[in-house]
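Here is how the chains run, residue by residue.
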Amino acid sequence: MSAIIVVGTQWGDEGKGRVVDGLARQAHLVARFNGGDNAGHTVVAEGRTLKLHLVPSGILHPGLVCLIGAGVVVNPQRLVTEMDELAALGVDVGPSRLKLSAAAHVILPTHRALDGARDVARGEAFIGTTRRGIGPVYADKAARVSLRAGDMARPEQFAERVAENVQAHNHSLQERYGAEPLSPEQVAAEYCAYARRLAPHLADGSALVGEALISGETVLCEGAQGLLLDLDHGTYPYVTSSSTVAGGALTGLGFGPRHVSRVVGVAKAYTTRVGAGPFPTELLDEVGDRIREVGDEYGTTTGRPRRCGWLDLVILRYAVQVNGLDELALTKLDVLSGLERLKVAVAYERDGERTGAFPAEFGVESLAQWKPVYEELPGWEEDISEARSRRDLPPAARAYVALIEEWVGVPVTFIGVGPEREQAIV
Ligand code: IMP
(Lines give C-alpha, C1' and ligand atoms only; values in the text may rest on other atoms or scores of the structure.)
Protein backbone atom coordinates (compact mmCIF):
# COMPACT_ATOMS: atom_id res chain seq x y z
CA MET A 1 0.00 0.00 0.00
CA SER A 2 2.29 2.75 -1.12
CA ALA A 3 2.76 5.51 -3.59
CA ILE A 4 6.19 6.64 -4.77
CA ILE A 5 6.23 10.15 -6.21
CA VAL A 6 8.92 11.25 -8.68
CA VAL A 7 9.24 14.98 -9.31
CA GLY A 8 11.65 17.35 -11.02
CA THR A 9 13.50 19.73 -8.70
CA GLN A 10 14.72 22.35 -11.19
CA TRP A 11 13.18 23.71 -14.43
CA GLY A 12 12.28 20.34 -15.96
CA ASP A 13 14.40 18.07 -18.17
CA GLU A 14 16.12 16.56 -15.12
CA GLY A 15 15.89 13.03 -16.52
CA LYS A 16 12.80 11.90 -14.61
CA GLY A 17 11.92 9.34 -17.30
CA ARG A 18 15.10 7.47 -16.56
CA VAL A 19 14.49 7.40 -12.81
CA VAL A 20 10.86 6.33 -13.34
CA ASP A 21 12.11 3.57 -15.63
CA GLY A 22 14.41 2.29 -12.88
CA LEU A 23 11.68 2.38 -10.21
CA ALA A 24 9.03 0.87 -12.50
CA ARG A 25 10.33 -2.61 -11.73
CA GLN A 26 8.92 -2.30 -8.21
CA ALA A 27 5.57 -0.87 -9.36
CA HIS A 28 2.22 -2.24 -10.51
CA LEU A 29 0.78 0.99 -11.83
CA VAL A 30 2.62 4.00 -13.29
CA ALA A 31 0.51 7.14 -13.31
CA ARG A 32 1.32 10.50 -14.85
CA PHE A 33 -0.21 13.33 -12.85
CA ASN A 34 0.27 16.70 -14.57
CA GLY A 35 1.09 18.58 -17.76
CA GLY A 36 0.60 17.44 -21.33
CA ASP A 37 2.66 16.93 -24.45
CA ASN A 38 4.83 19.89 -23.45
CA ALA A 39 6.87 17.23 -21.61
CA GLY A 40 8.95 14.71 -23.44
CA HIS A 41 11.37 11.93 -22.84
CA THR A 42 13.32 9.73 -25.13
CA VAL A 43 13.05 5.97 -24.80
CA VAL A 44 14.94 3.29 -26.63
CA ALA A 45 12.92 0.18 -27.49
CA GLU A 46 13.82 -2.62 -29.88
CA GLY A 47 16.83 -0.57 -30.96
CA ARG A 48 14.57 2.31 -32.01
CA THR A 49 14.49 5.71 -30.36
CA LEU A 50 11.03 6.98 -29.52
CA LYS A 51 10.03 10.34 -28.13
CA LEU A 52 7.14 9.95 -25.73
CA HIS A 53 5.23 12.99 -24.56
CA LEU A 54 2.11 11.51 -22.96
CA VAL A 55 2.30 7.75 -22.55
CA PRO A 56 4.21 6.95 -19.33
CA SER A 57 7.51 5.23 -20.11
CA GLY A 58 6.37 2.39 -17.81
CA ILE A 59 4.54 1.07 -20.90
CA LEU A 60 7.81 -0.62 -21.92
CA HIS A 61 7.68 -2.83 -18.81
CA PRO A 62 5.45 -5.78 -19.64
CA GLY A 63 2.61 -6.30 -17.21
CA LEU A 64 2.57 -2.77 -15.82
CA VAL A 65 -0.59 -0.74 -16.13
CA CYS A 66 -0.11 2.91 -17.17
CA LEU A 67 -2.53 5.69 -16.34
CA ILE A 68 -2.79 9.19 -17.74
CA GLY A 69 -4.34 10.88 -14.72
CA ALA A 70 -7.00 13.54 -14.16
CA GLY A 71 -4.42 16.32 -13.75
CA VAL A 72 -3.03 15.75 -17.25
CA VAL A 73 -4.19 17.63 -20.35
CA VAL A 74 -4.35 15.43 -23.42
CA ASN A 75 -3.81 16.20 -27.07
CA PRO A 76 -5.61 13.16 -28.55
CA GLN A 77 -3.78 13.44 -31.85
CA ARG A 78 -0.45 13.13 -30.03
CA LEU A 79 -1.71 10.27 -27.85
CA VAL A 80 -2.99 8.25 -30.83
CA THR A 81 0.33 8.79 -32.67
CA GLU A 82 2.33 7.54 -29.68
CA MET A 83 0.06 4.52 -29.33
CA ASP A 84 0.57 3.69 -33.02
CA GLU A 85 4.34 4.07 -32.76
CA LEU A 86 4.48 1.82 -29.71
CA ALA A 87 2.15 -0.76 -31.27
CA ALA A 88 4.40 -0.86 -34.36
CA LEU A 89 7.23 -1.94 -32.05
CA GLY A 90 5.10 -4.72 -30.63
CA VAL A 91 4.35 -2.92 -27.34
CA ASP A 92 0.88 -3.74 -25.99
CA VAL A 93 -1.04 -0.46 -25.73
CA GLY A 94 -4.45 -2.07 -25.42
CA PRO A 95 -7.17 -0.77 -23.07
CA SER A 96 -6.11 -3.13 -20.28
CA ARG A 97 -2.59 -1.64 -20.22
CA LEU A 98 -3.09 2.01 -21.07
CA LYS A 99 -5.81 3.89 -19.19
CA LEU A 100 -6.96 7.45 -19.67
CA SER A 101 -8.69 9.15 -16.75
CA ALA A 102 -12.14 10.35 -17.74
CA ALA A 103 -11.40 13.55 -15.81
CA ALA A 104 -8.32 14.52 -17.86
CA HIS A 105 -8.95 17.58 -20.04
CA VAL A 106 -8.72 17.64 -23.84
CA ILE A 107 -6.48 19.98 -25.85
CA LEU A 108 -7.97 21.34 -29.08
CA PRO A 109 -6.00 22.72 -32.05
CA THR A 110 -7.39 26.14 -31.18
CA HIS A 111 -5.76 25.90 -27.72
CA ARG A 112 -2.46 25.47 -29.51
CA ALA A 113 -3.16 28.40 -31.83
CA LEU A 114 -4.14 30.60 -28.86
CA ASP A 115 -1.00 29.57 -26.96
CA GLY A 116 1.22 30.81 -29.81
CA ALA A 117 -0.83 33.98 -30.38
CA ARG A 118 -0.79 34.89 -26.67
CA ASP A 119 2.93 34.38 -26.29
CA VAL A 120 3.64 36.53 -29.35
CA ALA A 121 1.28 39.21 -27.99
CA ARG A 122 3.36 39.35 -24.78
CA GLY A 123 6.15 40.90 -26.85
CA GLU A 124 9.38 41.34 -24.89
CA ALA A 125 7.79 39.64 -21.89
CA PHE A 126 7.21 36.39 -23.82
CA ILE A 127 7.33 33.15 -21.81
CA GLY A 128 8.63 30.93 -24.56
CA THR A 129 5.96 28.26 -24.11
CA THR A 130 6.14 24.99 -26.00
CA ARG A 131 3.00 26.09 -27.92
CA ARG A 132 1.25 22.86 -27.14
CA GLY A 133 -1.87 24.65 -25.87
CA ILE A 134 -1.07 24.02 -22.20
CA GLY A 135 -1.87 27.47 -20.74
CA PRO A 136 -5.12 27.93 -22.71
CA VAL A 137 -6.51 24.46 -21.88
CA TYR A 138 -5.79 24.78 -18.14
CA ALA A 139 -7.37 28.26 -18.29
CA ASP A 140 -10.52 26.74 -19.84
CA LYS A 141 -10.46 24.01 -17.20
CA ALA A 142 -10.38 26.60 -14.42
CA ALA A 143 -13.12 28.58 -16.19
CA ARG A 144 -15.16 25.35 -16.34
CA VAL A 145 -15.69 25.45 -20.11
CA SER A 146 -13.24 22.75 -21.16
CA LEU A 147 -13.95 19.25 -22.49
CA ARG A 148 -12.90 16.18 -20.54
CA ALA A 149 -11.71 12.85 -21.84
CA GLY A 150 -14.86 11.24 -20.39
CA ASP A 151 -16.91 13.24 -22.91
CA MET A 152 -15.38 11.01 -25.59
CA ALA A 153 -17.57 8.14 -24.41
CA ARG A 154 -20.29 9.61 -26.66
CA PRO A 155 -18.36 10.58 -29.79
CA GLU A 156 -21.16 12.42 -31.64
CA GLN A 157 -22.11 14.65 -28.71
CA PHE A 158 -18.41 15.16 -28.01
CA ALA A 159 -17.88 16.31 -31.60
CA GLU A 160 -20.70 18.85 -31.25
CA ARG A 161 -19.10 20.34 -28.15
CA VAL A 162 -15.71 20.37 -29.86
CA ALA A 163 -17.23 22.44 -32.67
CA GLU A 164 -18.76 24.88 -30.14
CA ASN A 165 -15.48 25.32 -28.30
CA VAL A 166 -13.53 25.82 -31.54
CA GLN A 167 -16.09 28.46 -32.51
CA ALA A 168 -15.57 30.28 -29.21
CA HIS A 169 -11.78 30.09 -29.53
CA ASN A 170 -11.99 31.36 -33.13
CA HIS A 171 -13.65 34.48 -31.82
CA SER A 172 -10.64 35.23 -29.59
CA LEU A 173 -8.14 34.24 -32.27
CA GLN A 174 -9.64 36.62 -34.81
CA GLU A 175 -10.85 39.52 -32.69
CA ARG A 176 -8.06 39.65 -30.19
CA TYR A 177 -5.01 38.40 -32.05
CA GLY A 178 -5.91 38.85 -35.72
CA ALA A 179 -5.09 35.18 -36.27
CA GLU A 180 -6.63 32.69 -38.70
CA PRO A 181 -9.68 30.76 -37.48
CA LEU A 182 -9.88 26.95 -37.68
CA SER A 183 -12.77 25.03 -39.24
CA PRO A 184 -15.09 23.83 -36.42
CA GLU A 185 -16.53 21.08 -38.67
CA GLN A 186 -13.13 19.75 -39.64
CA VAL A 187 -11.82 19.70 -36.07
CA ALA A 188 -15.06 18.10 -34.86
CA ALA A 189 -14.79 15.29 -37.45
CA GLU A 190 -11.17 14.67 -36.52
CA TYR A 191 -11.96 14.61 -32.79
CA CYS A 192 -14.95 12.30 -33.33
CA ALA A 193 -12.50 9.75 -34.78
CA TYR A 194 -10.11 10.19 -31.81
CA ALA A 195 -13.02 9.70 -29.43
CA ARG A 196 -13.96 6.38 -31.05
CA ARG A 197 -10.38 5.25 -30.80
CA LEU A 198 -9.76 6.37 -27.20
CA ALA A 199 -13.13 5.61 -25.59
CA PRO A 200 -12.16 2.01 -24.68
CA HIS A 201 -9.20 3.40 -22.66
CA LEU A 202 -11.35 5.63 -20.44
CA ALA A 203 -11.16 4.81 -16.76
CA ASP A 204 -11.99 6.18 -13.35
CA GLY A 205 -8.38 7.06 -12.59
CA SER A 206 -8.83 7.86 -8.91
CA ALA A 207 -10.65 4.54 -8.34
CA LEU A 208 -7.90 2.67 -10.18
CA VAL A 209 -5.19 4.23 -8.03
CA GLY A 210 -7.24 3.76 -4.85
CA GLU A 211 -7.87 0.07 -5.57
CA ALA A 212 -4.21 -0.53 -6.31
CA LEU A 213 -3.13 1.11 -3.05
CA ILE A 214 -5.69 -0.72 -0.95
CA SER A 215 -4.74 -4.09 -2.42
CA GLY A 216 -1.12 -3.49 -1.43
CA GLU A 217 0.26 -2.57 -4.82
CA THR A 218 2.86 0.10 -5.53
CA VAL A 219 1.79 3.11 -7.56
CA LEU A 220 4.56 5.10 -9.17
CA CYS A 221 3.46 8.71 -9.69
CA GLU A 222 5.29 10.42 -12.52
CA GLY A 223 5.50 14.19 -12.56
CA ALA A 224 6.28 16.29 -15.63
CA GLN A 225 8.40 19.50 -15.70
CA GLY A 226 9.96 20.63 -12.41
CA LEU A 227 9.49 22.67 -9.25
CA LEU A 228 10.41 26.06 -10.69
CA LEU A 229 7.84 25.63 -13.48
CA ASP A 230 5.08 24.95 -10.92
CA LEU A 231 2.11 27.28 -11.32
CA ASP A 232 2.04 28.18 -7.61
CA HIS A 233 5.62 27.68 -6.41
CA GLY A 234 7.71 28.35 -9.51
CA THR A 235 9.14 31.50 -11.02
CA TYR A 236 5.73 32.92 -12.01
CA PRO A 237 4.83 33.99 -14.68
CA TYR A 238 7.66 32.03 -16.32
CA VAL A 239 6.06 28.73 -15.40
CA THR A 240 3.83 26.09 -16.88
CA SER A 241 0.14 25.92 -15.94
CA SER A 242 0.02 22.80 -13.79
CA SER A 243 1.12 21.52 -10.36
CA THR A 244 4.52 19.98 -10.90
CA VAL A 245 5.24 19.37 -7.20
CA ALA A 246 4.58 16.29 -5.05
CA GLY A 247 1.23 17.72 -3.91
CA GLY A 248 0.21 17.71 -7.57
CA ALA A 249 0.38 13.91 -7.54
CA LEU A 250 -2.33 13.81 -4.88
CA THR A 251 -4.68 16.23 -6.64
CA GLY A 252 -3.76 15.07 -10.15
CA LEU A 253 -4.45 11.41 -9.39
CA GLY A 254 -6.97 11.62 -6.54
CA PHE A 255 -5.52 9.89 -3.48
CA GLY A 256 -4.54 10.97 0.02
CA PRO A 257 -1.16 11.78 1.62
CA ARG A 258 -1.32 8.78 4.00
CA HIS A 259 -0.39 6.48 1.11
CA VAL A 260 2.84 8.23 0.16
CA SER A 261 5.87 6.16 1.14
CA ARG A 262 8.61 7.91 -0.77
CA VAL A 263 9.17 11.20 -2.59
CA VAL A 264 12.10 11.19 -5.00
CA GLY A 265 13.40 14.49 -6.38
CA VAL A 266 15.32 14.31 -9.63
CA ALA A 267 18.10 16.86 -10.15
CA LYS A 268 20.62 17.26 -12.91
CA ALA A 269 24.23 17.62 -11.70
CA TYR A 270 24.06 21.16 -13.14
CA THR A 271 21.09 23.38 -14.02
CA THR A 272 19.24 23.97 -17.30
CA ARG A 273 16.22 25.96 -18.33
CA VAL A 274 14.30 26.36 -21.62
CA GLY A 275 12.26 29.44 -22.35
CA ALA A 276 12.52 32.85 -20.74
CA GLY A 277 12.74 33.87 -17.07
CA PRO A 278 15.32 34.35 -14.33
CA PHE A 279 18.15 31.85 -13.87
CA PRO A 280 20.64 32.92 -11.15
CA THR A 281 23.47 30.49 -11.97
CA GLU A 282 23.22 30.74 -15.77
CA LEU A 283 26.54 30.48 -17.64
CA LEU A 284 26.69 32.69 -20.72
CA ASP A 285 30.23 31.65 -21.55
CA GLU A 286 32.15 28.76 -23.05
CA VAL A 287 31.61 26.61 -19.94
CA GLY A 288 27.84 26.89 -20.52
CA ASP A 289 28.32 26.06 -24.21
CA ARG A 290 30.43 23.07 -23.32
CA ILE A 291 27.83 21.72 -20.89
CA ARG A 292 25.14 22.17 -23.58
CA GLU A 293 27.14 20.23 -26.15
CA VAL A 294 28.44 17.45 -23.90
CA GLY A 295 25.07 17.07 -22.18
CA ASP A 296 23.11 17.33 -25.47
CA GLU A 297 20.97 20.00 -23.89
CA TYR A 298 18.38 20.50 -26.62
CA GLY A 299 14.64 20.19 -25.93
CA THR A 300 12.92 16.82 -26.62
CA THR A 301 9.68 18.59 -27.49
CA THR A 302 10.80 21.71 -29.32
CA GLY A 303 14.50 21.09 -30.09
CA ARG A 304 15.37 24.47 -28.56
CA PRO A 305 18.88 24.84 -27.05
CA ARG A 306 18.62 24.82 -23.27
CA ARG A 307 20.20 27.52 -21.14
CA CYS A 308 22.89 25.94 -18.93
CA GLY A 309 24.39 26.90 -15.57
CA TRP A 310 26.02 25.71 -12.37
CA LEU A 311 24.19 23.54 -9.87
CA ASP A 312 22.10 25.65 -7.48
CA LEU A 313 21.67 24.17 -4.01
CA VAL A 314 19.36 27.01 -2.94
CA ILE A 315 16.91 25.59 -5.47
CA LEU A 316 17.42 22.01 -4.31
CA ARG A 317 16.81 22.98 -0.68
CA TYR A 318 13.63 24.73 -1.80
CA ALA A 319 12.68 21.50 -3.60
CA VAL A 320 13.10 19.54 -0.35
CA GLN A 321 10.88 22.05 1.44
CA VAL A 322 8.04 22.20 -1.10
CA ASN A 323 7.98 18.50 -2.01
CA GLY A 324 9.01 16.90 1.28
CA LEU A 325 11.73 15.00 -0.56
CA ASP A 326 13.14 11.86 1.03
CA GLU A 327 16.00 11.56 -1.41
CA LEU A 328 17.61 12.97 -4.53
CA ALA A 329 18.36 11.21 -7.80
CA LEU A 330 21.29 13.00 -9.45
CA THR A 331 21.52 12.65 -13.23
CA LYS A 332 24.25 13.39 -15.79
CA LEU A 333 27.19 13.66 -13.40
CA ASP A 334 29.40 12.40 -16.28
CA VAL A 335 28.69 15.61 -18.24
CA LEU A 336 30.86 17.55 -15.75
CA SER A 337 33.92 15.33 -16.28
CA GLY A 338 36.86 17.28 -17.69
CA LEU A 339 35.96 20.68 -16.22
CA GLU A 340 38.89 21.99 -14.24
CA ARG A 341 36.90 23.76 -11.51
CA LEU A 342 33.26 23.45 -10.57
CA LYS A 343 31.04 25.99 -8.87
CA VAL A 344 27.96 25.29 -6.80
CA ALA A 345 25.60 28.00 -5.50
CA VAL A 346 25.06 27.52 -1.77
CA ALA A 347 23.29 30.81 -0.94
CA TYR A 348 22.15 34.11 -2.52
CA GLU A 349 23.33 37.62 -1.67
CA ARG A 350 21.74 41.07 -2.13
CA ASP A 351 23.21 44.34 -0.82
CA GLY A 352 25.29 42.55 1.79
CA GLU A 353 22.30 40.49 2.93
CA ARG A 354 22.59 36.73 2.58
CA THR A 355 19.83 34.13 2.29
CA GLY A 356 19.65 30.38 1.93
CA ALA A 357 15.97 30.48 0.96
CA PHE A 358 14.77 30.64 -2.64
CA PRO A 359 12.70 33.85 -2.94
CA ALA A 360 10.03 32.48 -5.34
CA GLU A 361 6.96 34.05 -3.77
CA PHE A 362 8.24 37.62 -4.11
CA GLY A 363 8.37 37.38 -7.89
CA VAL A 364 10.93 37.48 -10.63
CA GLU A 365 11.93 41.11 -10.05
CA SER A 366 13.01 40.21 -6.54
CA LEU A 367 14.76 37.06 -7.70
CA ALA A 368 16.74 39.06 -10.26
CA GLN A 369 18.28 41.15 -7.44
CA TRP A 370 19.87 38.14 -5.75
CA LYS A 371 23.29 36.95 -6.84
CA PRO A 372 24.54 33.44 -6.17
CA VAL A 373 27.23 32.79 -3.56
CA TYR A 374 29.43 29.99 -4.88
CA GLU A 375 31.57 27.29 -3.34
CA GLU A 376 34.32 26.20 -5.69
CA LEU A 377 35.51 22.65 -5.99
CA PRO A 378 38.16 20.96 -8.07
CA GLY A 379 36.84 19.05 -11.06
CA TRP A 380 37.92 15.60 -12.26
CA GLU A 381 39.46 14.45 -15.51
CA GLU A 382 38.50 10.79 -15.35
CA ASP A 383 35.80 9.14 -17.43
CA ILE A 384 33.23 8.05 -14.83
CA SER A 385 30.85 6.24 -17.18
CA GLU A 386 31.94 2.81 -15.90
CA ALA A 387 31.45 3.66 -12.21
CA ARG A 388 28.88 1.41 -10.54
CA SER A 389 29.50 2.34 -6.91
CA ARG A 390 30.57 5.55 -5.21
CA ARG A 391 33.95 3.99 -4.52
CA ASP A 392 34.53 3.87 -8.30
CA LEU A 393 34.22 7.66 -8.55
CA PRO A 394 37.29 9.89 -8.40
CA PRO A 395 37.62 11.70 -5.02
CA ALA A 396 36.60 15.05 -6.55
CA ALA A 397 33.34 13.59 -7.91
CA ARG A 398 32.63 11.98 -4.53
CA ALA A 399 33.26 15.32 -2.85
CA TYR A 400 30.82 17.00 -5.28
CA VAL A 401 28.05 14.55 -4.33
CA ALA A 402 28.90 14.81 -0.63
CA LEU A 403 28.66 18.61 -0.80
CA ILE A 404 25.18 18.32 -2.29
CA GLU A 405 24.04 15.95 0.46
CA GLU A 406 25.51 18.19 3.14
CA TRP A 407 23.82 21.38 1.93
CA VAL A 408 20.53 19.84 0.88
CA GLY A 409 20.10 17.51 3.84
CA VAL A 410 18.81 14.40 2.04
CA PRO A 411 20.77 11.46 0.63
CA VAL A 412 21.61 11.05 -3.05
CA THR A 413 20.33 7.54 -3.80
CA PHE A 414 20.92 7.45 -7.56
CA ILE A 415 23.75 8.89 -9.66
CA GLY A 416 23.55 8.83 -13.45
CA VAL A 417 26.96 8.43 -15.11
CA GLY A 418 25.88 7.86 -18.72
CA PRO A 419 22.78 7.55 -20.90
CA GLU A 420 22.40 3.75 -20.79
CA ARG A 421 20.09 2.06 -18.28
CA GLU A 422 22.98 0.35 -16.48
CA GLN A 423 25.17 3.48 -16.36
CA ALA A 424 24.13 4.43 -12.85
CA ILE A 425 25.16 4.15 -9.23
CA VAL A 426 22.11 3.02 -7.26
P1 IMP B 1 4.20 25.57 -21.46
O2 IMP B 1 4.20 24.48 -20.45
O3 IMP B 1 4.26 25.07 -22.87
O4 IMP B 1 3.09 26.55 -21.24
O5 IMP B 1 5.56 26.42 -21.28
C6 IMP B 1 5.79 27.25 -20.15
C7 IMP B 1 7.27 27.20 -19.76
O8 IMP B 1 7.57 25.90 -19.30
C9 IMP B 1 8.24 27.47 -20.92
O10 IMP B 1 9.36 28.14 -20.40
C11 IMP B 1 8.63 26.08 -21.37
O12 IMP B 1 9.90 26.07 -21.98
C13 IMP B 1 8.65 25.35 -20.04
N14 IMP B 1 8.41 23.91 -20.17
C15 IMP B 1 7.23 23.29 -20.36
N16 IMP B 1 7.40 21.95 -20.40
C17 IMP B 1 8.71 21.72 -20.19
C18 IMP B 1 9.48 20.53 -20.07
O19 IMP B 1 9.01 19.40 -20.15
N20 IMP B 1 10.82 20.73 -19.85
C21 IMP B 1 11.38 21.95 -19.71
N22 IMP B 1 10.68 23.09 -19.81
C23 IMP B 1 9.36 22.98 -20.04
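Criteria and cut-off values
- Residues numbered from 1 in each chain as written.
- Predicted model: local features only at pLDDT ≥ 70, side-chain atom pairs only at ≥ 80, totals over all residues.
- Heavy atoms only, no water.
- Domains from an automatic or database assignment.
- Buried area = accessible area lost by both parts, 1.4 Å probe.
- Salt bridge = Lys/Arg side-chain N within 4 Å of Asp/Glu carboxyl O.
- Polar contact = N/O pair within 3.5 Å; in protein donor to acceptor, adjacent residues only side chain to side chain.
- Nonpolar A, V, L, I, M, F, W, Y, C, P; charged D, E, K, R; others polar.
- Axes fitted to C-alpha atoms, helices over the stretch in contact; angles between N-to-C directions.
- Helix = DSSP H or I, 4+ residues; strand = E, 2+ residues; numbered from the N terminus.
- Parallel < 35°, antiparallel > 145°, perpendicular 65-115°, else oblique.
- Left-handed = near helix turned anticlockwise from the far one by under 90°.
- Contact = heavy atoms within 4.5 Å.
- Phe/Tyr/Trp six-rings, centres within 6.5 Å; stacked < 30°, edge-to-face > 60°.
- Buried < 20%, exposed > 50% of the residue type's maximum accessible area, 1.4 Å probe, protein only.
- Lys, Arg positive; Asp, Glu negative; His and termini not counted.
- Core = buried A, V, L, I, M, F, W, Y, C linked by side-chain atoms within 4.5 Å.
- Near = heavy atom within 4 Å.
- Areas by Shrake-Rupley, 256 points an atom, 1.4 Å probe, with all protein chains shown as cover.

Our focus in this paragraph is the domain arrangement of the protein. Domain parsing of the protein yields domain 1 (2-103 + 201-264), domain 2 (105-198) and domain 3 (267-425). Relative placement of domain 2 and domain 3: their C-alpha centres are 37 Å apart. Contact between domain 2 and domain 3 buries roughly 370 Å² in total, counting both sides, with carbon and sulfur atoms accounting for 49%. By the criterion of area lost to domain 3, the three top residues of domain 2 are Gly128, Thr130 and Arg132, representing 68% of everything that side buries. Between the two partners, domain 2 and domain 3, sit zero salt bridges. At the boundary of domain 2 and domain 3, one finds two residue pairs in polar contact (both at pLDDT 80 or more). When its residues are assigned to classes, the side of domain 2 that touches domain 3 shows two nonpolar, three polar and one charged.

This paragraph deals with the packing of helix 3 (residues 109-121) against helix 5 (residues 155-177). Look at helix 3 against helix 5: their axes get within 10 Å of each other, and the N-to-C directions meet at 20°. One finds that helix 3 runs roughly parallel with respect to helix 5. Read as a crossing pair, helix 3 and helix 5 show a hand that is left-handed. In this structure, helix 3 contributes Thr110, His111, Ala113, Leu114, Ala117, Arg118 and Ala121 to the contact, and helix 5 contributes Val166, His169, Asn170, Ser172, Leu173 and Tyr177. Among the residues forming the contact of helix 3 with helix 5, the class breakdown is seven nonpolar, five polar and one charged.

Let's shift gears to the packing of aromatic side chains. Within this structure, the stated rule accounts for six aromatic pairs. Ring geometry for Trp11 against Phe279: centres 5.2 Å apart, planes inclined by 50°, an arrangement best described as tilted. With Trp11 in the loop between strand 1 (2-8) and helix 1 (16-23) and Phe279 in the loop between strand 12 (271-273) and helix 9 (286-294), this residue pair connects regions lying 268 residues apart in the sequence. Given a relative accessible area of 8%, Phe279 falls into the buried group. Taken together, a centroid distance of 6.5 Å and an interplanar angle of 35° make the contact between Phe158 and Tyr191 tilted. Of this pair, Phe158 sits in helix 5 while Tyr191 sits in helix 6 (residues 184-198); the two residues are 33 residues apart in sequence, bridging distant segments of the chain. Note on accessibility: Phe158 and Tyr191 belong to one class, buried.

Once that is clear, we can look at the side chain of Arg97. Within the element layout of this structure, Arg97 appears in the loop between helix 2 (76-88) and strand 7 (98-101). No salt bridge is formed by the buried Arg97, whose closest oppositely charged neighbour, Asp92, lies at an N-O distance of 4.8 Å. Polar side-chain contacts of Arg97 include one of 2.8 Å to the backbone oxygen of His61. With sequence-adjacent residues up to four places away left out, Arg97 is seen in contact with Gly58, Ile59, His61, Pro62, Gly63, Leu64, Val65, Cys66, Val91 and Asp92.

Here we come to unusual backbone geometry. The omega torsion of the bond from Tyr236 to Pro237 falls at 5°, within 30 degrees of zero and hence cis. Mapped onto the secondary structure, Pro237 falls in the loop between strand 10 (218-226) and helix 8 (246-253). Backbone geometry places Asp13, a non-glycine residue, at a positive phi of 60°. Within the secondary structure, Asp13 is located in the loop between strand 1 and helix 1. One non-glycine residue, Gln225, adopts positive backbone phi at about 55°. If you trace the backbone, Gln225 turns up in strand 10.

In this section: helix 8. Among the eight residues of helix 8, six are classified as buried, and the element is accordingly described as predominantly covered. Buried within helix 8 we find Ala246, Gly248, Ala249, Leu250, Gly252 and Leu253.

Mapping Ala360 onto the fold places it in the loop between strand 17 (353-355) and helix 11 (363-369). Accessibility expressed as a relative area gives 12% for Ala360, which makes it buried. Considered as a pair, Ala360 and Tyr318 are 42 residues apart in the sequence and their alpha carbons are 9.2 Å apart. If we ignore the near neighbours within four places in the chain, the residues touching Ala360 are His233, Gly234 and Tyr318.

This part takes up the nonpolar core. Of all hydrophobic cores here, the largest spans 71 residues; its most connected members are Leu333, Leu336, Tyr400 and Ile404. If you count residues domain by domain, this core takes at least three from each of domain 1 (2-103 + 201-264) and domain 3 (267-425). With sequence-adjacent residues up to four places away left out, Leu336 is seen in contact with Ala269, Tyr270, Ile291, Leu342, Trp380 and Tyr400. Judged by nonpolar contacts, the second largest core, of 48 residues, contains Ile4, Leu52, Leu100 and Ala149.

Turning next to the site of the ligand. Around the ligand lies a shell of 16 residues, among which Asp13, Asn38, Thr130, Thr240 and Arg304 are the nearest. Residue Gly128 places a main-chain N or O atom 3.4 Å away from an oxygen atom belonging to the ligand. Taking Val274, its main chain carries an N or O atom lying 3.2 Å from an oxygen atom of the ligand. Starting from 470 Å² of accessible surface for the ligand in isolation, the protein chains cover 96%. Looking at the shell around the ligand residue by residue, the class counts come to seven nonpolar, seven polar and two charged.

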